[in-house]
Amino acid sequence: MDPENFRIPQFFKRNVQPIKTTMKMKNVIITSFILALVLSSCADKNQAPTAPPPPVLPVLAITSANTTTDAEYPAAIQGTVDVEIRPQVSGNLERVYVDEGSYVSKGQTLFKINERPFREQLNNALASLHAAEAALINANLEVDKLTPLVQNKVVSDYQLKTAKASQKIAAANIEQAKAMVGSAKINLGYTNVTAPVSGYIGRLPKKQGSLVSASDVEALTTLSDVHEVFAYFSLGETDFINFKAQYAGNSLGDKIKKLPPVTLILADNNAYPQTGKIDMVDGQFDKTTGAITIRATFPNANGTLRSGNTGRIRLGLNHDDAILVPQAATIEMQDKVFVFTVGKDNKVTKMPITVVGKSGTNYLIKEGVKTGDQIVLSGIDKLQDGQAIQPEKSTKVAEVTNKK
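Definitions and limits used
- Residues numbered from 1 in each chain as written.
- Predicted model: local features only at pLDDT ≥ 70, side-chain atom pairs only at ≥ 80, totals over all residues.
- Heavy atoms only, no water.
- Core = buried A, V, L, I, M, F, W, Y, C linked by side-chain atoms within 4.5 Å.
- Buried < 20%, exposed > 50% of the residue type's maximum accessible area, 1.4 Å probe, protein only.
- Helix = DSSP H or I, 4+ residues; strand = E, 2+ residues; numbered from the N terminus.
- Contact = heavy atoms within 4.5 Å.
- Axes fitted to C-alpha atoms, helices over the stretch in contact; angles between N-to-C directions.
- Parallel < 35°, antiparallel > 145°, perpendicular 65-115°, else oblique.
- Left-handed = near helix turned anticlockwise from the far one by under 90°.
- Nonpolar A, V, L, I, M, F, W, Y, C, P; charged D, E, K, R; others polar.
- Lys, Arg positive; Asp, Glu negative; His and termini not counted.
- Salt bridge = Lys/Arg side-chain N within 4 Å of Asp/Glu carboxyl O.
- Polar contact = N/O pair within 3.5 Å; in protein donor to acceptor, adjacent residues only side chain to side chain.
- Phe/Tyr/Trp six-rings, centres within 6.5 Å; stacked < 30°, edge-to-face > 60°.
- Lys NZ or Arg CZ within 6 Å of the ring centre and 35° of its normal.
- Pairing = 2+ DSSP bridges.
- Expected span 1.5 Å × (residues − 1).
- pLDDT = per-residue confidence, 0-100.

Draft legend 1. Expanded view of the nonpolar core. In terms of nonpolar packing, the biggest core is built from 29 residues, with Val 104, Leu 110, Phe 111, Ile 201 and Leu 223 touching the most fellow members. For this core, the secondary-structure elements that each account for two or more residues are β5 (109-113), α2 (116-151) and α3 (157-190). No other element matches α2, which puts 7 residues into this core. If we skip the residues at most four places from it in the chain, Leu 110 touches Ile 85, Arg 95, Val 96, Tyr 97, Val 98, Val 104, Val 193, Thr 194, Ala 195 and Ile 201.

Put into structure tokens, the structure is as follows:
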């Protein structure tokens, strides 16, 4: 069939036109819908985001109060008596009667040095004494013989005077011999080394069979009486001035009598169960360290503490109208301590503070904040300087924070 001569029937012509119109309308509707979506999306992108509300954080109004701060100072512990046991004579160490760390009583024998040479020295001294006593008897007899002869002028007076001089020499020789006997007895007694006080034995560097001498650099052992112990610690000049200003009294001795008990913190960070008493302040400052030594005495009936222990003395210092800030409300950066203060517009300011002490869980503040200032209590780790917050005041939080 020739395409040019082909003709569409009239029936089909009437029905094709509506179909084309309907398709166009559908395309227009779809296109309009897509365009609306695109415009709506663009409008959402251009719209500014909504700012989040300021965080709600608890705040505390700072007040002043009377409080006590704790200061700790390193302490060295010694027994009330710490002695070195040394030999007084030279000789062979024959016996060792004690063991390291054992408890001994005053007068108990600790060591035995070979006594035979010293016993022979005593025997020799006794023999010299007996000879001197015999010589005095002869001198007395000579004087008794010559006395009547001189009276009867049988012999000259010179002979009697000579006899009396010999008598005095003999008497002096007896005194000398007695001194030698006493010295020999002392040396013999030194061969028995006893405990001068009750206490605990230290190390035993010299063993049985060793040759010992009074000139030895190393002692036989050490002995510590620790029924009470001394804890020595030092205060700098400023701390010592503050320490003295805390207590009433005209003299340092009066102040010491009024000092409260002190606490000893052991190496495991636990407090010694019994408190001590400060009873001595050194007479002068150490020129090298610029510190003065103070002694506190602690009871030690059960022997828990030994000489050579270390610890820390905890002193309590009273402060009137002190400004306290909870440690939880502070943040440390580069060796400085900061708090976030809240202004009238509820914006926070990062404020450095000067800490001069610690009372429980609170810091004692010297500079940086004052009474009436408001600080943020928690949530400060994410705060920025100048950020606005919504303060939440809580009296309960304040009571717990300031509890002493």
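Draft legend 2. Representation of the packing of α2 against α3 in the model. Taken N-terminus to C-terminus, the directions of α2 and α3 make an angle of 165°; their axes are 8 Å apart at the nearest point. In this view, α2 runs roughly antiparallel relative to α3, as classed from their interaxial angle. Handedness of the crossing formed by α2 with α3: left-handed. For the contact of α2 with α3, the per-class residue count stands at 22 nonpolar, 9 polar and 7 charged.

Draft legend 3. Region of the structure containing unusual backbone geometry. Phi is positive for Gln 334, close to 55°, though the residue is something other than glycine. Even without being a glycine, Asp 335 presents a positive backbone phi close to 65°. In this structure Asp 335 comes out as exposed when scored by relative accessible area, which is 85%.

Draft legend 4. How the structure looks around the side chain of Asp 225. Take Asp 225: it is sitting in strand β9 (residues 221-236). One buried charged side chain, Asp 225, makes no salt bridge at all; its nearest oppositely charged neighbour is Lys 106, positioned 9.3 Å away. In this structure the side chain of Asp 225 is engaged in a polar contact, spanning 2.8 Å, whose partner is the side chain of His 227. If we skip the residues at most four places from it in the chain, Asp 225 touches Gly 79, Thr 80, Val 81, Asp 82, Val 197, Ser 198 and Gly 199.

Draft legend 5. Representation of the packing of aromatic side chains within the structure. In this structure the tally under the stated criterion is 6 aromatic pairs. Note on Phe 240 and Phe 243: the rings are 6.4 Å apart at their centroids and 25° apart in plane angle, and the pair reads as stacked. You can see Phe 240 and its partner Phe 243 sitting in helix α4 (residues 237-245), 3 residues apart, about one turn around the helix. In this pair, the class of Phe 240 matches that of Phe 243, namely buried. Ring-pair connections join several aromatic residues into one group, and the members of that group are Phe 240, Phe 243 and Phe 285. When the ring centre of Phe 230 is taken as reference, the NZ or CZ atom of Arg 295 above it lies at 4.2 Å. The residue whose ring lies beneath Arg 306 is Tyr 200, and the NZ or CZ to ring-centre distance is 3.8 Å.

Draft legend 6. Quick peek at the pairing of strand β13 (residues 310-326). Bridge count between strand β2 (residues 64-85) and β13: 12 bridges; the pairing is antiparallel. Paired with Tyr 73 across the strands is Ile 313, a residue of β13. Sheet topology places strand β10 (residues 263-265) next to β13; 3 bridges connect them, and they run antiparallel. Bridge pairing links Thr 263 to Arg 314 in β13. Judged from the 4 bridges that link them, β13 and strand β17 (residues 362-367) form a sheet pairing that is antiparallel. Bridge pairing in β17 links Pro 326 to Asn 362.

Draft legend 7. Structural context of α3. Taking 1.5 Å per residue as the helical rise, α3 with its 34 residues ought to reach 50 Å, and the 50 Å between its terminal C-alpha atoms agrees with that figure. Leu 160, Ala 163, Ala 170, Ile 174, Ala 177, Val 181, Ala 184 and Leu 188 are the residues of α3 that are buried. Looking at the buried positions of α3, the neighbouring elements they touch are α2 and β6 (192-194).

Draft legend 8. View of the pattern of salt bridges. Taken as a whole and judged by the stated rule, the model has 12 salt bridges. Glu 115 is the partner of Arg 119 in a salt bridge, and the nearest nitrogen-oxygen pair spans 3.4 Å. Here Arg 119 falls in the partly exposed class, since its relative accessible area comes to 37%. Using a relative accessible area of 22% as the deciding quantity, one classes Glu 115 as partly exposed. One connected set of salt bridges, linked through shared partners, spans Glu 72, Arg 312 and Arg 314.

Draft legend 9. Representation of the sheet that holds β6. In space, the 4 strands of this open sheet follow the order β6-β5-β3-β8, with antiparallel pairing throughout. Since the sheet does not close on itself, it has two edges, and those belong to β6 and β8 (211-212), each with one partner. In the sheet, strand β3 (residues 91-96) pairs with β5 via 3 bridges, with the strands oriented antiparallel. Residue Val 96 lies in a different strand from β5, and its bridge partner there is Phe 111.

Draft legend 10. A look at the confidence of the model for the protein. Mean pLDDT over the protein: 84, with 85% of residues reaching 70 or higher. Looking over the protein, one finds the lowest element-wise mean pLDDT in helix α6 (residues 395-401), namely 43, and the highest in β5, namely 96. Note that pLDDT drops below 50 for residues 11-21; the model gives that stretch 1 contact with residues more than four away or on any other chain. Throughout residues 396-404 the model reports pLDDT below 50, and contacts reaching past four residues in sequence, or to other chains, amount to 12 contacts.

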